Amino acid sequence: MAKLFTPIDIKGITIKNRIVMSPMCMYSSMEEDGKITPFHLTHYTSRAVGQVGLVMTEATAVQPEGRISAQDLGIWSEAHINGFQQLNKQIHTCGAKSAIQLAHAGRKANLESTIYAPSPFAFNERSKQPAEMTLDDIKTTIDAFKNAARRSKEAGFDMIEIHGAHGYLINQFLSPLTNKRNDAYGGSMENRYHFLSEIIEVIKSEWTGPLFVRISTDEYHEAGNTLENIFYYTNRMKEQGVDLIDCSSGGVVPASITTYPGYQLKRCEAIKNEASIATGAVGLITSGIQAEEILQNNRADLVFIGRSLLRNPYWAKAAADEIGYTIDAPTQYKRGWK
Ligand code: FNR
């Protein structure tokens, strides 16, 4: 049997195959309100109809000041729950499971309002200077993740992913390039992990389901987190009960990245072995054969598909056809599936 289409159980939730729709910002909420729109319902449901096993939302802001743009999706208030309930109903009707990526942009927020970061340094010359977070700001933000987890549960999501990658707020705390604090949240590697550690704990107080964390496994900078630092973080996450590390890279500081098929896989595989934790592979995984190779060689447990799913909502069927495997059609499409 093709491993790509073998179900997987994560903390009692069964995903019917190993294909995850990678989180991708659509900047499609109405100006300033962060709510689900008809576009989101169509966009995500199409991939569920297309037989993706796990449909993950784009980065969803836990606080308004944590948005990348004014059009970002958000879950910072009770008023957001209803739209996500509708979305989950549609995804579940099509046989897929759903996940929400909880996010805070930190210094990469492109907003009129004050923006925040562990240390007061702008991302580049075009971006705004963030305010250095006080201990109160840190506490408020951690609480926002907690409330977002509670709302995610009410909204009917099956899984939560914490966005700890791409140079957004959590990554800004983790990285020595962006965290120059000298309190309990900065300095040593242990202290830089403190913020994420507390976020995981508060989420666990509201959420007993599967929990993923996306991290940047490589910062493409000699003074950035080393692979040893990354192993420390992933081992800690495992101890804290995180179920899967979604292995991405980059975004902490401006850097040129050479990309090629599976360019983030080496570290994904290394983390899977070092921390004995499930991993998700992502980055230029475009074909069924490539995805099957990754899974069969135990380099990852799930494959996250981004741009290929934008181009083709039926990527799962194309991948199955490519490896000579037959997947079930949505009931309504049976007459046209072969
Ligand atoms: C992204 N990516 C991304 N990642 C993330 O963690 N949260 C997000 O909201 C977004 N937003 C986003 C928007 C768009 C339009 C793209 C193309 C990408 C990164 C994405 O999830 C994925 O990691 C990369 O695109 C690499 O995978 P692919 O596209 O090569 O399969």
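A quick note: this is a predicted structure, and the numbers were derived from the prediction, not measured. (Residues numbered from 1 in each chain as written. Predicted model: local features only at pLDDT ≥ 70, side-chain atom pairs only at ≥ 80, totals over all residues. Heavy atoms only, no water.)

**Some details on the site of the ligand**
Point 1. Around the ligand, the structure places 15 residues, and the nearest of them are Ser22, Pro23, Cys25, Leu284 and Arg307.
Point 2. Contacts to the ligand include glycine 306, whose backbone N or O atom sits 2.9 Å from an oxygen atom.
Point 3. A total of 610 Å² of accessible area belongs to the ligand in isolation, and the protein chains cover 81% of it.
Point 4. Its residues assigned to classes, the shell around the ligand shows seven nonpolar, six polar and two charged. (Near = heavy atom within 4 Å. Polar contact = N/O pair within 3.5 Å; in protein donor to acceptor, adjacent residues only side chain to side chain. Areas by Shrake-Rupley, 256 points an atom, 1.4 Å probe, with all protein chains shown as cover. Nonpolar A, V, L, I, M, F, W, Y, C, P; charged D, E, K, R; others polar.)

**Looking at the pattern of salt bridges**
Point 1. Counting across every chain of the model gives 18 salt bridges.
Point 2. Glutamate 269 is the partner of arginine 299 in a salt bridge, and the nearest nitrogen-oxygen pair spans 2.9 Å. In this pair, arginine 299 is assigned in the loop between helix H8 (288–296) and strand E13 (302–305) and glutamate 269 in helix H7 (residues 265–275), connecting sequence segments 30 residues apart.
Point 3. Where lysine 317 meets aspartate 321, a salt bridge forms, and the shortest distance between an N and an O atom there is 3.1 Å. Separated by four residues within a single helix, lysine 317 and aspartate 321 lie in helix H10 (residues 315–322), roughly one turn from each other.
Point 4. Connected through shared salt-bridge partners, Glu78, Arg150, Arg151 and Glu154 make up one network. (Salt bridge = Lys/Arg side-chain N within 4 Å of Asp/Glu carboxyl O. Helix = DSSP H or I, 4+ residues; strand = E, 2+ residues; numbered from the N terminus.)

**Here's the deal with H7**
Point 1. Every buried residue of H7 is listed here: Leu265, Cys268, Ile271, Lys272 and Ala275. Looking straight down H7, one finds that the buried residues subtend no more than 125° of arc, so they occupy a single side. Residues of H7 that are exposed and point more than 90 degrees away from the buried face comprise Lys266 and Asn273.
Point 2. Those residues of H7 that are buried lie in contact with strand E10 (211–216), helix H6 (227–239), strand E11 (244–248), strand E12 (278–282) and H8. (Buried < 20%, exposed > 50% of the residue type's maximum accessible area, 1.4 Å probe, protein only. Arc of directions from axis to C-beta. Contact = heavy atoms within 4.5 Å.)

**Structural notes on the packing of aromatic side chains**
Point 1. The full count for this structure, using the stated rule, is nine aromatic pairs.
Point 2. The interplanar angle of 5° and the centroid separation of 5.3 Å between the aromatic rings of phenylalanine 5 and tyrosine 325 together place this pair among those described as stacked. Of this pair, phenylalanine 5 sits in the segment before strand E1 (8–10) while tyrosine 325 sits in the segment after H10, placing them 320 residues apart in sequence.
Point 3. Residue tyrosine 325 is classed as partly exposed on the basis of its relative accessible area, which comes to 23%.
Point 4. Ring geometry for phenylalanine 84 and phenylalanine 157: centres 5.6 Å apart, planes at 55°, overall tilted. Of this pair, phenylalanine 84 sits in helix H2 (residues 81–93) while phenylalanine 157 sits in the loop between helix H3 (135–155) and strand E9 (159–164), placing them 73 residues apart in sequence. No difference in accessibility class separates phenylalanine 84 from phenylalanine 157, as the two residues are buried.
Point 5. Each member of the aromatic cluster is reached from another via a ring pair, and the members are Phe173, Tyr185 and Phe195.
Point 6. Here the guanidinium or amino end of lysine 108 rests over the ring plane of phenylalanine 123, the centre of that ring lying 4.6 Å away.
Point 7. Above the ring of tryptophan 337, the side-chain terminus of lysine 317 is found at 5.4 Å from the ring centroid. (Phe/Tyr/Trp six-rings, centres within 6.5 Å; stacked < 30°, edge-to-face > 60°. Lys NZ or Arg CZ within 6 Å of the ring centre and 35° of its normal.)

**So, the nonpolar core**
Point 1. One finds Phe84, Leu102, Ile162, Phe195, Leu196, Ile203 and Met237 to be the most contacted residues of the largest nonpolar core, which totals 80 residues.
Point 2. Per-element accounting of this core gives the leading share, eight residues, to helix H5 (residues 189–206).
Point 3. Each residue touching leucine 102, except ones within four places of it in the same chain, is listed here: Thr60, Val62, Ile75, Phe145, Ala148, Ala149, Ser152, Ile160, Glu161, Ile162, His163 and Ile203.
Point 4. By size, the runner-up hydrophobic cluster in this structure holds 14 residues, among which are Ile10, Ile13, Phe212 and Val282. (Core = buried A, V, L, I, M, F, W, Y, C linked by side-chain atoms within 4.5 Å.)

**Digging into H3**
Point 1. Between its first and last C-alpha, H3 extends 30 Å over 21 residues, near the 30 Å set by a 1.5 Å rise per residue.
Point 2. All of the buried residues in H3 are Ile138, Thr141, Ile142, Ala144, Phe145, Ala148, Ala149, Arg151, Ser152 and Ala155.
Point 3. The elements touched by buried residues of H3 are H2, strand E6 (97–103), E9, helix H4 (169–174) and H5.
Point 4. Positive phi shows up at glycine 156, right after H3, with a value of about 95°. (Expected span 1.5 Å × (residues − 1).)

Take it as geometry only, folks, not as evidence of what the structure does.
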